[in-house]
Amino acid sequence: MKGFQLIFSTLQSRKHPNGEHISHWLVEVTEKIGIKGVTILNAAQGIGRDGKLHSSTFFELADEPLEIIMNVSDAECEKLFTLLNEEKLGLFYTKTAIEYGTV
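So, here is what we can say about the structure in this document. (Residues numbered from 1 in each chain as written. Predicted model: local features only at pLDDT ≥ 70, side-chain atom pairs only at ≥ 80, totals over all residues. Heavy atoms only, no water.)

What about the sheet that holds strand β1 (residues 2-11)?
Convention followed: Each pair of strands is called paired provided DSSP finds at least two bridges between the two strands. For the purposes of this entry, the term helix denotes a DSSP run of H or I that reaches at least four residues, the term strand denotes a run of E that reaches at least two, and both are numbered from the N terminus. Each axis is a line fitted through C-alpha atoms, and for a helix only the stretch in contact is used; angles between axes span 0 to 180 degrees, taken between their N-to-C directions. In what follows, a contact means two residues having at least one pair of non-hydrogen atoms within 4.5 Å.
The strand order β2-β5-β1-β6 describes an open sheet built from four strands, whose pairing is antiparallel. This sheet does not close on itself; its edge strands, each paired only once, are β2 (38-42) and β6 (92-99). The mean inter-strand angle of the sheet, taken between neighbouring strand axes irrespective of direction, is 20°. Here helix α2 (residues 74-87) sits on the sheet and contacts β1, β5 (65-72) and β6; the angle it forms with β1, its principal contact strand, is near 30°.

As for the pairing of β5
To keep it simple, the criterion reads: Burial classes follow relative accessibility: with a 1.4 Å probe on protein chains only, a residue under 20% of its type's maximum area counts as buried, one over 50% as exposed, and anything between as partly exposed.
Buried residues dominate β5, accounting for six of its eight residues. Relative to β5, β1 is paired through eight bridges, and the arrangement is antiparallel. The partner of S9 across the bridge, within β5, is E67. Strand direction decides the pairing type here: β2 and β5, joined by five bridges, are antiparallel. Looking at β5, one finds that T39 is bridged to I69.

Considering the pattern of salt bridges
The cut-off we apply is this: By definition, a salt bridge exists where a carboxyl oxygen of Asp or Glu is found within 4 Å of a side-chain nitrogen of Lys or Arg.
By the definition in use, this model includes one salt bridge. Where K2 meets E99, a salt bridge forms, and the shortest distance between an N and an O atom there is 3.5 Å. With K2 in strand β1 and E99 in strand β6, the pair connects residues that are 97 residues apart, well separated along the chain. One exposure class covers both K2 and E99, and it is exposed.

Focus on helix α1 (residues 22-33)
Defined as follows: Take the number of residues in a helix, subtract one, and multiply by 1.5 Å to get its expected span. The arc refers to the directions leading from the helix axis to the C-beta atoms.
Compared with the 16 Å implied by 1.5 Å per residue over 12 residues, the 16 Å span of α1 between its first and last C-alpha is a close match. Residues I22, S23, W25, L26, V29, T30 and I33 constitute the buried set of α1. For α1, the angular spread of the buried residues around the axis is 160°, confining them to a single face. Exposed residues pointing more than 90 degrees away from the buried face of α1 are listed as E31 and K32.

As structure tokens, this is what we get:
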């Protein structure tokens, strides 16, 4: 199948306006849309678009960078971005055209 790989970059501490962590909220939204195969990766550190170093340390795990990765069809991508645009979260993403499937 042809579609897209979406990678959303955020911080563990970032929350949706409803108070839920962005990562959990995004996974719930993808489930409702019918997207399967969402992965959340924790990163040791990264430089955010704010230019600041963010890292998971023993004292402060809230600043831990996260990536939420999913492979989606064109229709799933359209549904997801329609919803995300309505939310106005300012969530950073990359979108890459891919071919995917199982063998």
